[in-house]
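# Analysis of the macromolecular model
Listed below, chain by chain, are the residues.
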Amino acid sequence: MLTVNNINVFYGSVQALWDVSFEVKQGEIVTLVGSNGAGKTTSIKTISGLLSPQSGSITLNGERLDKAPAHKIVDMGIAQVPEGRRLWAGMSVRDTLELGTYLPRARADKAKNIEWVLSLFPRLKERLSQAADTMSGGEQQMLAISRALLSKPKLLMLDEPSLGLAPVIVENVFDVIRQINQQGMTILLVEQNVNHALNLSTRAYVLETGHVVKSGNSVDLMNDPQVKSAYLGL
Amino acid sequence: MCFQISILNSQFQILMSFDTFLNLFAASILTAGLYATMSYGLALIYGVMKLTNLSHAGVLMLAAYGTYWLNTLGISPYLAPFIVVPLWFGIGIVWQHTLVKRIMLMPPIASLLFFFGIWLIMQNFAYLVFKSDIRSITNEATLLTYKLGPLVLSQNRLIVFFAGITALVSLQLFLTRTYQGRAIRALAADAEAARLSGIDTDRISALAFGLGIALAAFAGCLMALIFAFDPEFGRSHLLKSFCIVVLGGLESFVGVALGAIMLALAENFSIQFMPAALQDMVSFVLLVIVLLTIPNGLMSLLKGKK
Ligand SMILES: Nc1ncnc2c1ncn2[C@@H]1O[C@H](COP(=O)(O)OP(=O)(O)OP(=O)(O)O)[C@@H](O)[C@H]1O
Ligand SMILES: [Mg+2]
């Protein structure tokens, strides 16, 4: 479904990704793991069109998207839940959800879709008039995921959805990710919580200083001695 | 009237009749309506694009001339906004797509100089076309007043007030109730998150810029009904607009309204104690005081955080 092929990405003159390649197939949950500064966020931002690769290509179902502007890429079917949630300060939960359906193709069955995301995160239902940035971290993450889902993506990318959340809330968020995947959503997940992420995903890629150094089935990686010592603290 | 309010000055006791007080208060509210309209365009453009549009003053001035010029062609100054405002909206959009888009990527000093330059060009254009004579629009309605008990209200000022409020309320409804309007707010709050929701930020920036310019043009049309103007017109109003947005805290609608009321009250009441020629200084003094004492504006006091 999504193919990232040998991309090189720079911040100014500093290279952040080196010949990075990976793919996500229809219906999979794929995880990108790696320590701080490995290039996970950079990879996701490049797919979203917030950064553009200097060389290499990115395709979604065969269609090139590495030259398209970010809003077009959302329209093509890739949504991102950004690191740090990035909700619009001062905007109510209701307005945030409404704006989630901004794309013309998402407006069509807006009411039904908003009802659907509220059934995934019932806690948001009681907070519709509250300003998004005054909610708890967990609620904000739920809203950020809802906003992304409302653009009706084929592929949902989540950048560290568990960051700064209490363990129960993390469970809750991961349950929802599993649930929407079972309903057919393809998922690309970035996580520091490697144990959790490998448990949830089908396959994984390990990034180190901008290079893909390992890849494979999540189960196999969980038993890989190097992965164990570097990321699982075993 | 026997009822009097006394205000203690350091040396004198200044007495102001209740009638005078009421009239000054009413005048302040009417002025505040115009001031809010005039400054909201500046606040909108700053909020969405983080650009300080110094050419705001030039738009006020040229829109006033536009109304004047249409009047000489026989078009009522009350209808002029329907021609002048859409025109400026269009100019704003073209501007954004051609020049401003590039300026946004540069350091703030570049955009300040850019807009200052545009303002100078507008002034020179006005000198060239309209000459330096002071113009004003007068017709039978100019001096019309209504008496409401002790209140004496000028018809044109009432029209200006209600027209301004109508524009601001419509804009507010647009910003809170429509996709495009909400997209403008999203862009102001977090542009990258807006792009990730499928919002074409170039298009929405242009819309916001066009609206900001259109609102300035509308304020200019309204000003032509009650002020005399020449090509320098707009300078003191630019400063007043700054004062209001700083008072109100940037990017907040209620804040701008509050700031406008504060400035209008300060101006109208101060002329009781000092020469009218110094009235334009009030906004400057207020601006400095606010910047030194409550840099985040009145809204920060209301929210209890400073
Ligand atoms: N805006 C930027 N300008 C310059 N360099 C950047 C920028 N953003 C990231 N980098 C650099 O690019 C590299 C990869 O960063 P990236 O944010 O992709 O890492 P990450 O894997 O997401 O890390 P984390 O787990 O901390 O979020 C790092 O060396 C980082 O310093
Ligand atoms: Mg990151």
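Not measured: the values here are computed from a predicted model.

Quick look at the sheet that holds strand E8 (residues 186-190) of chain A now. All names here are of chain A. What the six strands build is an open sheet, ordered E6-E7-E8-E3-E9-E10; its pairing is mixed. What marks the edges here is a single partner per strand, and that holds for strand E6 (78-81) and strand E10 (211-217). Recorded for the sheet is a direction-independent mean angle of 15 degrees between the axes of neighbouring strands. Here strand E9 (residues 203-208) pairs with E10 via six bridges, running antiparallel. What sits directly across from Glu208, in E10, is His211. Against the sheet, helix H1 (residues 40-48) engages strand E3 (29-33), E6, strand E7 (155-159), E8 and E9, with an angle of about 145 degrees to E7.

Taken as a whole and judged by the stated rule, the model has 15 aromatic pairs over all chains. Members of the aromatic cluster, connected to one another through ring pairs, are Tyr65, Tyr68, Phe130, Phe227, Phe229 and Phe233 of chain B. When the ring centre of Tyr102 of chain A is taken as reference, the NZ or CZ atom of Arg107 of chain A above it lies at 5.2 Å. Taking the ring centre of Tyr179 of chain B as reference, the NZ or CZ of Arg107 of chain A above it sits at 3.8 Å.

On to the pairing of strand E2 (residues 14-24) of chain A, then. All names here are of chain A. Two strands pair when backbone bridges link them, and strand E1 (residues 2-11) and E2 are joined in this way by seven bridges, in the antiparallel orientation. Looking at E2, one finds that Phe10 is bridged to Gln15. As consecutive antiparallel partners, E1 and E2 are separated by two residues, and within that stretch Gly12 has a phi angle of approximately 60 degrees, a positive value.

Turning our eyes to something else, we now look at the domain arrangement of chain A. Residue and element names in this part refer to chain A. The domain architecture assigned to chain A consists of domain 1 (2-77 + 153-231) and domain 2 (87-152). For domain 1 versus domain 2, the separation of C-alpha centres amounts to 23 Å. Facing the 19 residues of domain 1 at the interface are 15 residues of domain 2. Both sides together, the interface formed by domain 1 and domain 2 hides about 1,300 Å², and carbon and sulfur atoms give 71% of it. Of all residues in domain 1, Asp75, Pro153 and Val176 bury the most surface against domain 2, accounting for 32% of the area lost on that side. Applying the counting criterion to the domain 1 and domain 2 interface returns three residue pairs in polar contact (both at pLDDT 80 or more). Put simply, the parts of the chain that give the side of domain 1 that touches domain 2 at least two residues each are helix H2 (70-76), E7 and helix H7 (167-182).

Time to look at the interface of chain B and chain A. Reports often express the size of an interface as the amount of accessible area lost when the parts come together. Taken together, the 20 residues of chain B in the interface contact 22 residues of chain A. Surface buried jointly by chain B and chain A totals about 2,100 Å² across both partners, of which 57% is contributed by carbon and sulfur atoms. It is Tyr179, Arg182 and Leu196 of chain B in chain B that bury the most area against chain A; as a group they hold 36% of the surface buried on that side. Counting every contact that joins chain B to chain A gives six salt bridges. Note that Arg86 of chain A and Asp190 of chain B form a salt bridge whose closest N and O atoms lie 2.7 Å from each other. Where chain B meets chain A, there are eight residue pairs in polar contact (both at pLDDT 80 or more). Contributing elements (two or more residues each) for the side of chain B that touches chain A: helix H6 (179-189), helix H7 (191-195) and helix H8 (201-226) of chain B. Per-element accounting of the side of chain B that touches chain A gives the leading share, seven residues, to H6 of chain B. Within the side of chain B that touches chain A, the residues separate by chemical class into nine nonpolar, four polar and seven charged.

What follows concerns the coordination of the magnesium ion (ligand 2). Distances from the magnesium ion (ligand 2) to its protein donors, Thr41 of chain A (OG1) and Glu83 of chain A (OE), fall within 1.8 to 2.6 Å. Here Glu83 of chain A lies in the loop between E6 and helix H3 (93-100) and Thr41 of chain A lies in helix H1, a separation of 42 residues in the sequence.

Each value, and the rule that gives it
- Residues numbered from 1 in each chain as written.
- Chains lettered and ligands numbered in written order.
- Predicted model: local features only at pLDDT ≥ 70, side-chain atom pairs only at ≥ 80, totals over all residues.
- Heavy atoms only, no water.
- Pairing = 2+ DSSP bridges.
- Helix = DSSP H or I, 4+ residues; strand = E, 2+ residues; numbered from the N terminus.
- Axes fitted to C-alpha atoms, helices over the stretch in contact; angles between N-to-C directions.
- Contact = heavy atoms within 4.5 Å.
- Phe/Tyr/Trp six-rings, centres within 6.5 Å; stacked < 30°, edge-to-face > 60°.
- Lys NZ or Arg CZ within 6 Å of the ring centre and 35° of its normal.
- Domains from an automatic or database assignment.
- Buried area = accessible area lost by both parts, 1.4 Å probe.
- Polar contact = N/O pair within 3.5 Å; in protein donor to acceptor, adjacent residues only side chain to side chain.
- Salt bridge = Lys/Arg side-chain N within 4 Å of Asp/Glu carboxyl O.
- Nonpolar A, V, L, I, M, F, W, Y, C, P; charged D, E, K, R; others polar.
- Donors = N, O, S within 2.8 Å, 3.2 Å for Na, K, Ca; no water.

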